[in-house]
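Working through the structure, step by step
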Amino acid sequence: MAASLIDGKLIAARIREEVAAQVSVLKQKGVRPCLAVILVGDDPASRTYVAAKRKASQEVGIRSIQHHLAKDVAESGLTELIERLNCDSGVHGILVQLPLPSHVNEYNIISAISPQKDVDGFHPYNAGRLITGLDTFIPCTPFGVSQMILKSGIETSGKHVVIVGRSNIVGKPLTNLLVQKTDTANATVTLCHSRTSNIKAHTLQADILIAAIGRSRFITADMVKPGAVVIDVGINRIEEQGKVCLVGDVDFEEVRKVASRITPVPGGVGPMTVAMLMQNVAKAAGLSSS
Ligand code: GUN
């Protein structure tokens, strides 16, 4: 039997409704949550993601400010803007869309954001809090993946989760999140990456397989244990039959014949990432007023 779909679009819409209700309460208290988004350069994928974040902000009542900087902006120009936004009490969240041009040091930029406004959860202070199990801003994609699993009634406790991809944005924080000693985690996690030998030997062990490696259709049906849950974080733009299309890191059509549950691309993890960003902005605004 084919796997049933995990509908990220639907789960994300419900989360956005909850955030909209939180935002209304904040507004009654005189706080209007505000997210500042910084985009550097003209990468088409980044432009699309930033537009999706703006649309979701409008929908839940969060004010969104966009700063679009030229791709040759000096690193100091970027840090000066971040410092201004750090000092602006009307701004609750700051997000710098990644990747940045190669002449800009990503670590310096992320570290310049005030940890209290770091709604991406990428600042080393917040990453450290996640590792330690303290309350923090959880990076939006890992947060979205864990909420998707939770809201689909999928148990993680004692399960073997195999993550493919060790990025700072997904693989590493997701590992830290799912090994937490909490009812919504308690998983045993294996983190595979491009230098893992015999990846298939690992993926075949997974009760929950999470693909976040950024390679189109990398996970094939022979790499998946029958009945496994498969979560596809990848969004790859490829040209096929003369058309540009979006495909995930999972060979969806084949893997769905083996898995029990599977996320589609698009309509899976993508909308969850945006919904969790909205939640993090509402949280930042709430903390600023308490
Ligand atoms: N680029 C890809 N994913 C993300 C994300 O979650 N946040 C930011 N800031 N940039 C990204």
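Going by the structure above, here's the rest.
Residue indices follow the written sequence of each chain, beginning from 1 at its first position. It should be noted that, the model being predicted, local features are given only for residues of pLDDT at least 70 and side-chain atom pairs only at 80 or more, the latter also being counted only at that level, while totals for whole chains, interfaces and linings use all residues. Computation of side-chain values: all heavy atoms of the structure, hydrogens and water removed.

Here's the deal with the state of the cysteines
By definition, a disulfide links the sulfur atoms of two cysteine residues through a covalent bond. Note on disulfides: each one is a pair of cysteine sulfur atoms within 2.5 Å. This model, assessed by the stated rule, comprises zero disulfides. Unpaired in this structure, Cys 87 has its nearest cysteine sulfur neighbour in Cys 34, at a distance of 15 Å. Accessible area is worked out with a 1.4 Å probe on protein chains only. A residue is then buried under 20% of its type maximum, exposed over 50%, and partly exposed in between. Cys 87 gets classed as exposed once you look at its relative accessible area, which sits at 69%. Its sulfur unpaired, Cys 140 is 16 Å from the next cysteine sulfur, which belongs to Cys 34. Residue class for Cys 140 comes out buried when judged on its relative accessible area of 5%.

As for the site of the ligand
The immediate surroundings of the ligand are formed by Leu 95, Val 96, Gln 97, Leu 98, Asp 120, Phe 122 and Ile 169. Under this definition, polar contacts are N or O atom pairs within 3.5 Å; protein pairs additionally need one hydrogen-donor-capable and one acceptor-capable atom, and for neighbouring residues in sequence, both atoms have to be side-chain atoms. Between a nitrogen atom of the ligand and a main-chain N or O atom of Val 96, the distance comes to 2.8 Å. Gln 97 is positioned with one of its side-chain polar atoms (N or O) 3.4 Å from a nitrogen atom of the ligand. Accessibility throughout is a Shrake-Rupley quantity obtained with a 1.4 Å probe, and a residue counts as covered only by protein chains that appear here. With the chains in place, 84% of the 280 Å² that the ligand exposes on its own is no longer accessible. For the shell around the ligand, the residue count by class is five nonpolar, one polar and one charged. Note on terminology: near, applied to a residue and a molecule or strand, indicates that one of the residue's heavy atoms is within 4 Å of it. The residue classification treats Ala, Val, Leu, Ile, Met, Phe, Trp, Tyr, Cys and Pro as nonpolar and Asp, Glu, Lys and Arg as charged. All others, Gly included, are polar.

Describing the sheet that holds strand β3 (residues 63–69)
Across the sheet, which stays open at both edges, the three strands sit in the order β3-β2-β4 with parallel pairing between neighbours. Every interior strand has two partners, whereas the edge strands, β3 and β4 (93–96), have only one. Along the sheet, successive strands turn relative to each other by an average axial angle of 15°, direction set aside. Two strands form a pair only when DSSP identifies at least two bridges running between them. Only DSSP runs of H or I covering at least 4 residues are called helices, and only runs of E covering at least 2 are called strands; the numbering of each starts at the N terminus. The axes are straight lines fitted to the C-alpha atoms, using for helices just the contacting stretch, and the angles between their N-to-C directions are given from 0 to 180°.

Topic: the environment of Val 229
Structurally, Val 229 is set in strand β8 (residues 229–232). For the pair Val 229 and Leu 209, spaced 20 residues apart in sequence, the C-alpha separation works out to 6.2 Å. What Val 229 contacts, discounting residues up to four positions off in sequence, is Ile 6, Ile 154, Asp 207, Ile 208, Leu 209, Ser 260 and Arg 261. Whether two residues are in contact is decided by their heavy atoms, any of which lying within 4.5 Å being enough.

With respect to the pattern of salt bridges
Side-chain pairing between opposite charges can occur once the charged atoms of the two side chains come close. The term salt bridge refers to a pairing of a side-chain nitrogen on Lys or Arg with a carboxyl oxygen on Asp or Glu at a separation within 4 Å. Under the criterion given, the structure shown has eight salt bridges. Taking the shortest distance from any N to any O, the salt bridge between Lys 200 and Asp 222 comes out at 3.3 Å. Within this pair, whereas Lys 200 is found in helix α8 (residues 199–203), its partner Asp 222 is found in the loop between β7 (208–211) and β8, the two being separated by 22 residues in sequence. Glu 253 is paired through a salt bridge with Arg 256; the nearest N and O atoms lie 3.9 Å apart. In this structure Glu 253 comes out as partly exposed when scored by relative accessible area, which is 46%.

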